[in-house]
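Given next are the chains, with one letter for each unit.
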Amino acid sequence: MDLSLSFDNIQRAAKDFQRRYGGNFELASQETILLMPATFGQGYLRGINLRPGLDLFIYQYDLKDNLVLDFQKLSLEHSFVNLTFCLSGRCSGSMPELRQDLNISAWQTALATVPYASGTVELFKGQQITVIEIVASPAFILSLIETRLRSMPTDWKEVLHAAASRPYYHVSSTPLEITKILQLILNCPYQGTLRQFYLEAKSLELVCLYFSGLMDSLDEPSHCLKPQEIESLHEARSVLLRNMDAPPTMADLAKQVMLSERKLQQGFQALFGTTVFGLLHDSRMERARQLLEADTMTIGAIAHTVGIVHRGYFATAFKRKFGSTPRQYLKQYSKRH
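Small disclaimer: the values here were computed from a predicted structure and weren't measured.

Caption draft 1: Focus on the side chain of Ser-79. Positionally, Ser-79 belongs in the loop between strand 6 (67–71) and strand 7 (80–88). At a separation of 2.8 Å, a polar atom in the side chain of Ser-79 contacts the main-chain amide nitrogen of Tyr-116. At a separation of 2.9 Å, a polar atom in the side chain of Ser-79 contacts the main-chain carbonyl oxygen of Ala-164. Setting aside chain neighbours within four positions, we find Ser-79 in contact with Val-114, Pro-115, Tyr-116, Ala-117, Ser-137, Pro-138, Ala-163 and Ala-164.

Here's what the structure looks like:
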């Protein structure tokens with residue numbers, strides 16, 4: 001299904017979407033909430049205006065059919081810099097004058113400059129899509145990082161200075177320290193003004209961590225991993241995420257992506273900041289959290305779905321990750337929603 005949208009303002013865009021396609025629309029202070037119409041599937045979009053030139057968006061979808069959003073070209077003043085953090089699922093897209101496909105999947109972050117707020121986004125059916133986006137004006141981003149701009153390579157300076165007129169897209173793995181902040185945003189414990197302050201602080205922290213990490217990666221390029229090895233490591237991670245209920249052995253995984261077991265372990269530590277098992281374990285816990293929030297399966301079934309047979313171990317591991325047992329987490333989540 002293809003939808004055409006104009007996105008110069010979150011409230012107008014949400015109202016226009018509701019008028020044309022259905023769904024429930026809510027407005028509270030600086031926050032706009034659009035619930036997905038049942039004909040499309042289930043899920044929501046939350047848009048929060050944090051300050052002039054800075055917005056936070058949270059998307060959680062489970063679609064019945066693939067959905068293509070076509071954003072109409074607006075004026076130059078609506079250009080923006082977009083940081084997209086994908087926690088689950090995958091999306092694709094395109095922008096005028098940019099030949100590469102804009103693909104992003106779980107545990108990846110994308111930096112994009114989007115002139116005229118134009119382009120397409122394709123969301124795929126049959127999967128839980130969870131995305132957090134920070135959308136900022138080019139002037140805001142430049143003012144935020146100007147103290148570090150002098151140390152940036154010339155090509156990155158050009159990208160940021162040309163953000164209002166030249167499209168750009170760069171995707172990278174999401175480091176663990178950023179993933180933790182994303183979880184805090186998804187599970188914000190506050191309401192009202194405190195919620196606004198909290199989300200603004202966490203969003204600014206994400207921006208600073210991303211650009212700081214970008215600079216560090218330029219100084220130390222993934223422990224001298226070769227491009228082909230980096231590609232193989234990303235493929236290994238994708239294999240684990242697709243098969244977390246019954247993952248391959250270390251030997252089989254290494255053979256599948258054509259790396260030695262030693263290089264596989266070293267590469268995961270260098271590129272993703274964790275071990276192969278650590279990434280698998282965190283992915284299982286994150287998927288379990290999402291299934292708990294969906295509230296369509298028993299806790300035992302969720303443990304089995306993510307590949308953990310022993311329910312006691314599952315409860316212990318979940319509590320270590322999120323601070324409460326699955327049952328406690330479900331009760332707390334139900335109260336908040």
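After presenting the structure, the write-up continues.
Caption draft 2: Layout of the packing of aromatic side chains. All told, the structure shown has eight aromatic pairs when counted by the stated rule. Seen from their ring centres, Tyr-59 and Tyr-61 are 6.0 Å apart, and the 50 degrees between their planes marks the pair as tilted. Centroid distance Phe-314 to Phe-318: 6.1 Å. Interplanar angle 50 degrees. Geometry classified as tilted. Taken together, the positions of Phe-314 and Phe-318, both in helix 11 (residues 311–322) and four residues apart, correspond to about one turn of that helix. The same class applies to Phe-314 as to Phe-318, namely buried. Cluster of aromatic residues (ring-pair linked, three or more members): Phe-314, Phe-318, Phe-322 and Tyr-329.

Caption draft 3: Quick look at helix 11. Its twelve residues place the ends of helix 11 16 Å apart at the C-alpha level, agreeing with the 16 Å of an ideal helix rising 1.5 Å per residue. Among the residues making up helix 11, those that are buried are Phe-314, Ala-317 and Phe-318. Taken end-on, helix 11 shows its buried residues confined to a sector of 100 degrees, consistent with a single buried face. In this structure, the buried residues of helix 11 make contact with helix 9 (276–294), helix 10 (299–305) and helix 12 (326–336). At the C-terminal side of helix 11, Gly-323 shows a positive phi close to 85 degrees.

Caption draft 4: View of the confidence of the model for the protein. With 89% of its residues at a pLDDT of at least 70, the protein reaches an overall mean of 83. When pLDDT is averaged over each helix and strand of the protein, the minimum, 61, is found for strand 1 (residues 2–5) and the maximum, 93, for strand 12 (residues 129–136).

Caption draft 5: Inspection of the pairing of strand 3 (residues 31–35) at higher detail. Counting buried residues in strand 3 gives four out of five residues, a clear majority hidden from the surface. Counted between consecutive antiparallel strands, the loop separating strand 3 from strand 4 (residues 41–51) contains five residues.

Caption draft 6: Main features of a positive patch on the surface. On the surface, a cluster of positive charge is contributed by Arg-311, Arg-327, Lys-331 and Lys-335. Within the secondary structure, Arg-327 is located in helix 12.

Caption draft 7: Expanded view of the pattern of salt bridges. In total, this model carries nine salt bridges according to the counting rule given. For the salt bridge of Arg-46 with Glu-31, the shortest nitrogen-to-oxygen distance reads 2.7 Å. One end of the pair, Arg-46, is in strand 4; the other, Glu-31, is in strand 3, with 15 residues separating them in the sequence. Among the residues examined, Glu-31 registers a relative accessible area of 10% and is labelled buried. Residue Asp-282 pairs with Lys-321 through a salt bridge whose shortest N-O separation is 3.5 Å. Of the two residues, Asp-282 sits in helix 9 while Lys-321 sits in helix 11, which places them 39 residues apart along the sequence. In this structure, a network of salt bridges that share partners links the residues Glu-31, Arg-46 and Arg-195.

Caption draft 8: Here's a closer look at helix 12. Within helix 12, burial applies to Pro-326, Tyr-329 and Tyr-333. Buried residues of helix 12, seen end-on, are gathered within an arc of 60 degrees and therefore sit on one face of the element. The exposed residues of helix 12 that point more than 90 degrees off its buried face are Lys-331 and Lys-335. Considering only its buried residues, helix 12 is in contact with helix 9, helix 10 and helix 11.

Conventions we followed
- Residues numbered from 1 in each chain as written.
- Predicted model: local features only at pLDDT ≥ 70, side-chain atom pairs only at ≥ 80, totals over all residues.
- Heavy atoms only, no water.
- Helix = DSSP H or I, 4+ residues; strand = E, 2+ residues; numbered from the N terminus.
- Polar contact = N/O pair within 3.5 Å; in protein donor to acceptor, adjacent residues only side chain to side chain.
- Contact = heavy atoms within 4.5 Å.
- Phe/Tyr/Trp six-rings, centres within 6.5 Å; stacked < 30°, edge-to-face > 60°.
- Buried < 20%, exposed > 50% of the residue type's maximum accessible area, 1.4 Å probe, protein only.
- Expected span 1.5 Å × (residues − 1).
- Arc of directions from axis to C-beta.
- pLDDT = per-residue confidence, 0-100.
- Pairing = 2+ DSSP bridges.
- Patch = residues over 30% accessible without salt bridge, like charges linked within 9 Å, V, L, I, M, F, W, Y side chains within 5 Å.
- Areas by Shrake-Rupley, 256 points an atom, 1.4 Å probe, with all protein chains shown as cover.
- Salt bridge = Lys/Arg side-chain N within 4 Å of Asp/Glu carboxyl O.
- Lys, Arg positive; Asp, Glu negative; His and termini not counted.
- Charge placed at Lys NZ, Arg CZ, Asp CG, Glu CD.

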